[in-house]
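# Remarks on the overall topology
Read off the chains here:
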Amino acid sequence: MNLTMGEIADPVQFKEEGNKHFQAGEIDKAIECYTKAIKSCKDKKALAVIYRNRSACFLKKENYNNAVSDASKAIDVDAADIKALYRRCQALEKLGKLDMAFKDVQRCATLEPKNKTFLETLRRLGADIQQKLKTTFSTDSRVQNMFDILFSDESDKEKQEKAANNLIVLAREDAGAERIFQNNGVPLLVQLIDTGKPEMILAAIRTLSGMCTGHRARATAIIHTVGISKLCSIMAVDNEEIVLATANLFQCVYDSLSGGDKRNYGKEEALVLDSSKDLKDILLALLEMIASKKVSGHGRDQALNLLTKNVPRKDKKNTDNSKGLFTIDHGLKKILKVCGQVPDLPDQLPLTENTQLIASVLLNKLYDDMRCDPERDHFRDTCDEYIKSKFDPNDMDRNIHAINTLSGILQGPFDVGNVLAGRQGVMEMMVALCGSEREVDQLVAVEALIHASTKTSKASFFISNGVTLLKDMYKKTKNEKIKIRALVGLCKLGSAGGDDYSMRQFAEGSTEKLAKQCRKWLCNPTLDVRTRKWAVEGLAYLTNDADVKDDFVEDEAALRAMFELAKSKDKTILYAVACTLVNCTNSYDKKEIIPEMVQLAKFSKQHVPEQHPKDKKDFIERRVKRLLKAGVTSALAVMVKADNSILTDQTKEMLASRYFSKSFEIKTFHYYVLQALLPLALEGTDKGKIKASHALAKIAAVSNPEIAFPAERIYEVVRPLVSLLNTERDGLENFEALLGLTNLAALNDKLRVKILKEKALPEIENYMFEEHDQIRQAATECMCNLVSCKEVQDRYLEDGNDKLKLLVLLCGEDDVQLQRAAAGALAMLTAAQKKLAVKITKVTGQWLEIIQRLCIHDNPEIQHRGLVTVFNMLDADEQLAKKLIECELLEILTYVAKLEDNPKKQDAINAARACLSRAMDTGLIKPFSN
């Protein structure tokens, strides 16, 4: 308690501590101390100084809005506070507010007319403002010209397309978007939409997306000018390209209004009123869309996708699930209506192949978003009430709608579906539908039975009641569509033992026969895609058996047929394909079997899983090779580009975490693998992202990045690699990420800057302290390739840290590769910054001994780097040069310089001769006379 009172009473102490932290480069701690000082300081002048100091911290942290705010508070107290004025100028310039920054530096130059920094900044900002004005006037005329072309009946189509594309590109830049907005752009874009021409609508929608991205004020204006209902009517059209563009516009608007886009656009954000009403109106409009007959299948898909992406909480630690509860209250029955549609019946909602699965995914996410049992009970009761309301003994169409709705729930929140399936009358209705003469009734019933048997541990009710029905249907029906579905249901129930050889559900040979029939259906082009999809579903379960896996990968026609289906528009097949691939490559996670535990289990008469002989490593490798030969990589590249809601996080994890890890075990690489890995490394479950990022790190570590990652793709790889530089990741992931970043950093400045922007530098520095030799070496090599960047050099110039000391000490290690990397970094740093050449002498008393050891090293490369460092030190400071020449180093330089020319050591010999020449030029030594 005394400590708290002391803190309140002593702002000066906190200020002094903040100053010390700032000088040591510990900016976060400095901000913390200054904040405490501000809270307890009563003196206005002292408070102004603290605000000014904290403003400097925010500048370092690139938090420019806060830097402006703190500097302004200091200026309010003293209008002539030159430091605060200049700091505010710097922050305003970074925020793009050049005119305000110019006024501040103009005031600084008035107060100190001879200060060269102020005069240079004044000149530079003046030139930038002139250029900006010139660009603005030029942009205004260009915007008007583009709209003139678009509205002109005389303009040819090519000219209009070019104008439309230019408008879209301009809107993606904030300055360009603002010029369009200020030049009455939104009403003009609405007029373009009203022309009804698809290409004009597309251009207008994409331009609006660019204008509102990350900008709340413009997003609000666009929503109110265009209107939510108008945007919904555009997204309802049967044109997939326009629908996708409009969905993207909705997402941009939603992100901007909700703060989903984290970019900061300054004080105009504060001018916008509370966005909650607009956000609620958007949700209600989307919910209306999903149950409307006027909406196309593509429009319905995108409405469901938008709800899936924006309603459930992204972080379960956030306790506010009000959006989920709002959606359940106003739209759960509408989502269930979509699930219950039967396309074969008349008067149904327009759907795509994927609509009902997207609806099931949304149901699952909404149910997962519930925080307590009463909320989950309300969800379940609403579903129960909806299904009961559809049952009608006199109307079979309503009954199959109810059963199809149940299928949709079973594909989403399975636990809810399983409870509802056990309700009185549900099983009886399925029996009645199975016995119906109508094909559609039988199809709906058998699909419901299949979905109900998904989780054998929980579906005991259906396992005991549904097997007989499925067997009867498989034996008696002559309809291939029904037969294949009944077979899949039996396959699901028969695969309960997984890959445990000792728990085979079918008699010897039966599984292979069923799989052969599935492959036959899969390869039959006369069957519709929806029916052939069920053949893959069957194989997804049957391939738990190693004999089936081997037979399947040998059937190249079946493999190619499955891959072609994976590339089709029907994305509901993706999960089944992913399961089949995981099974064929044994890429699932398996617990390590400890022999002692096996013996203990046998002794206690517990079941011990057995491995099939064909699940050993050589069989797995052969299967992977067969899959690659059949074209699996191109199929995977298409699969990961699927609609986000269809490609669930679990499916992404399967593809990333399991399949890719296996393919790399046998050092297989293909261009399509890269196309597939990048999306998986950026989205999905944490586990999936880690494994995909690790696979990218493996590629970057062992191959030429310019070949492996062509064109701009190479810059996209940096973020996944940096994500592996985390103490929670294992050592191999850290090591290979560092190797990959080392190779990338060696290529060009743009990549090095990208690595620094991703905040990798502090992590790389931490790994240079790592006890593990290989990780420490990889981190040092990466740093060696980064030190040419000015930002890195500045960190080494900062006082109060041991970065340079560590580098010098690493040069004295016995590990040759580590020495090589550290000596290279030291040579480059001292060449770029003369102050660092002098600073070396102050960081450790062992510096001279370590430098001398480098200069006589057996490795010519290390020796050369040591001698280059000596040359830089001789060139940096006269006193330091004198000290070096007066010690044993002169003998070393003389010895190396007198060596005969040798291609292997020539670089080192030349460097030693350059050192002696430098010493002679400064008069420290004289040449021998003839």
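Labelled according to an unreviewed UniProt entry, the protein appears under the name Protein unc-45 homolog B, originating from Cyprinus carpio carpio.

### Quick look at the overall build of the protein
Across its full length, the protein carries 53 helices and zero strands. When burial is assessed residue by residue, the protein has 52% of its 930 residues classed as buried. A separation of at least 24 residues holds for 68% of the contacts in the protein among residues at least 6 apart in sequence. Of the roughly 44,800 Å² of accessible surface on the protein, 50% is carried by carbon and sulfur atoms.

### Details of helix α9 (residues 157–171)
Here α9 is 15 residues long and its end C-alpha atoms lie 21 Å apart, about the 21 Å a rise of 1.5 Å per residue gives. By the burial criterion, the buried members of α9 are Gln-160, Ala-163, Ala-164, Leu-167, Ile-168, Leu-170 and Ala-171. Relative to the axis of α9, the buried residues are bounded by an arc of 165 degrees and lie together on one face. Among the exposed residues of α9, those pointing more than 90 degrees away from its buried face are Glu-158 and Lys-162.

### Here's the deal with a negative patch on the surface
Residues Asp-156, Glu-158, Glu-161 and Glu-199 make up a contiguous surface patch of negative charge. Among the secondary structure elements, Glu-158 is positioned in helix α9.

### Regarding the packing of helix α27 (residues 510–522) against helix α28 (residues 529–542)
It is the contact of α27 with α28, at a shortest axis distance of 8 Å, that shows an interaxial angle of 150 degrees. With respect to their mutual orientation, α27 and α28 come out roughly antiparallel. When you trace α27 past α28, the crossing you get is left-handed. In contact with Thr-511, Leu-514, Ala-515, Cys-518, Arg-519, Trp-521 and Leu-522 of α27, α28 contributes Arg-532, Ala-535, Val-536, Gly-538, Leu-539 and Leu-542. Of the residues contributing to the contact of α27 with α28, the split by class is nine nonpolar, two polar and two charged.

### A look at the packing of helix α2 (residues 11–23) against helix α4 (residues 44–60)
Here α2 crosses α4 at 25 degrees, and the two axes come no closer than 11 Å. Comparing the axis directions of α2 and α4 gives the class roughly parallel. When the axes of α2 and α4 are compared, the crossing they make is left-handed. Residue-level inspection shows Lys-15, Asn-19 and Phe-22 of α2 in contact with α4, the latter providing Val-49, Ile-50, Asn-53, Ala-56, Cys-57 and Lys-60.

### What to know about the pattern of salt bridges
By the definition in use, this model includes 44 salt bridges. Ionic pairing is found between Lys-567 and Glu-564, a salt bridge with its closest N-O pair at 3.8 Å. By relative accessible area, Lys-567 is classed as partly exposed at 32%. Residue class for Glu-564 comes out partly exposed when judged on its relative accessible area of 49%. Connected via shared salt-bridge partners are Asp-174, Glu-178 and Arg-218.

### Comments concerning the confidence of the model for the protein
Summarising the model, the protein shows a mean pLDDT of 83, and 86% of its residues fall at 70 or more. Contacts for the low-pLDDT stretch residues 497–505, under 50 throughout, to residues beyond four places or in other chains number 28 contacts. Counting contacts from residues 658–671, a segment whose pLDDT is below 50, to residues more than four positions away or on other chains yields 40 contacts.

### Comments concerning the packing of aromatic side chains
Geometry of an aromatic ring pair is reported as the spacing of the ring centres plus the angle between the planes. In the structure shown here, the tally under the stated rule is two aromatic pairs. Relative to Phe-379, the ring of Tyr-367 lies with its centre 5.2 Å away and its plane at 55 degrees, an arrangement referred to as tilted. Of this pair, Tyr-367 sits in helix α19 (residues 355–368) while Phe-379 sits in helix α20 (residues 373–390); the two residues are twelve residues apart in sequence, bridging distant segments of the chain. Residue classification places Tyr-367 among the buried positions, given a relative accessible area of 14%. Accessibility expressed as a relative area gives 0% for Phe-379, which makes it buried. Sitting over the ring of Tyr-715, Lys-750 keeps its end group 4.7 Å from the ring centre.

### Re the side chain of Arg-87
Inspection of the secondary structure assignment puts Arg-87 in helix α6 (residues 82–94). Within the buried core, Arg-87 has no salt-bridge partner, and the shortest N-O distance to an opposite charge, that of Asp-81, equals 6.8 Å.

### Observations regarding the environment of Phe-22
Locating Phe-22 in the fold gives a position in helix α2. Exposure remark for Phe-22: the relative accessible area of 28% places this residue in the partly exposed category. When the C-alpha atoms of Phe-22 and Ala-56 are compared, they prove to be 9.0 Å apart, with 34 residues separating the residues in sequence. Apart from residues no more than four positions distant in its own chain, Phe-22 is found in contact with Ile-27, Ala-30, Tyr-34, Ala-56, Cys-57 and Lys-60.

### Here we look at helix α52 (residues 889–897)
Inspection of α52 places Leu-889, Ile-892, Leu-893, Val-896 and Ala-897 among the buried residues, and these make up the whole buried set. Down the axis of α52, the sector holding all buried residues measures 125 degrees, keeping them to one side. Across α52 from its buried face, at more than 90 degrees, point the exposed residues Glu-891 and Tyr-895. Residues of α52 that are buried make contact with α49 (847–855), α50 (860–876), α51 (878–885) and α53 (906–921).

What counts and how
Residues numbered from 1 in each chain as written. Predicted model: local features only at pLDDT ≥ 70, side-chain atom pairs only at ≥ 80, totals over all residues. Heavy atoms only, no water. Helix = DSSP H or I, 4+ residues; strand = E, 2+ residues; numbered from the N terminus. Buried < 20%, exposed > 50% of the residue type's maximum accessible area, 1.4 Å probe, protein only. Contact = heavy atoms within 4.5 Å. Areas by Shrake-Rupley, 256 points an atom, 1.4 Å probe, with all protein chains shown as cover. Expected span 1.5 Å × (residues − 1). Arc of directions from axis to C-beta. Patch = residues over 30% accessible without salt bridge, like charges linked within 9 Å, V, L, I, M, F, W, Y side chains within 5 Å. Salt bridge = Lys/Arg side-chain N within 4 Å of Asp/Glu carboxyl O. Lys, Arg positive; Asp, Glu negative; His and termini not counted. Charge placed at Lys NZ, Arg CZ, Asp CG, Glu CD. Axes fitted to C-alpha atoms, helices over the stretch in contact; angles between N-to-C directions. Parallel < 35°, antiparallel > 145°, perpendicular 65-115°, else oblique. Left-handed = near helix turned anticlockwise from the far one by under 90°. Nonpolar A, V, L, I, M, F, W, Y, C, P; charged D, E, K, R; others polar. pLDDT = per-residue confidence, 0-100. Phe/Tyr/Trp six-rings, centres within 6.5 Å; stacked < 30°, edge-to-face > 60°. Lys NZ or Arg CZ within 6 Å of the ring centre and 35° of its normal.

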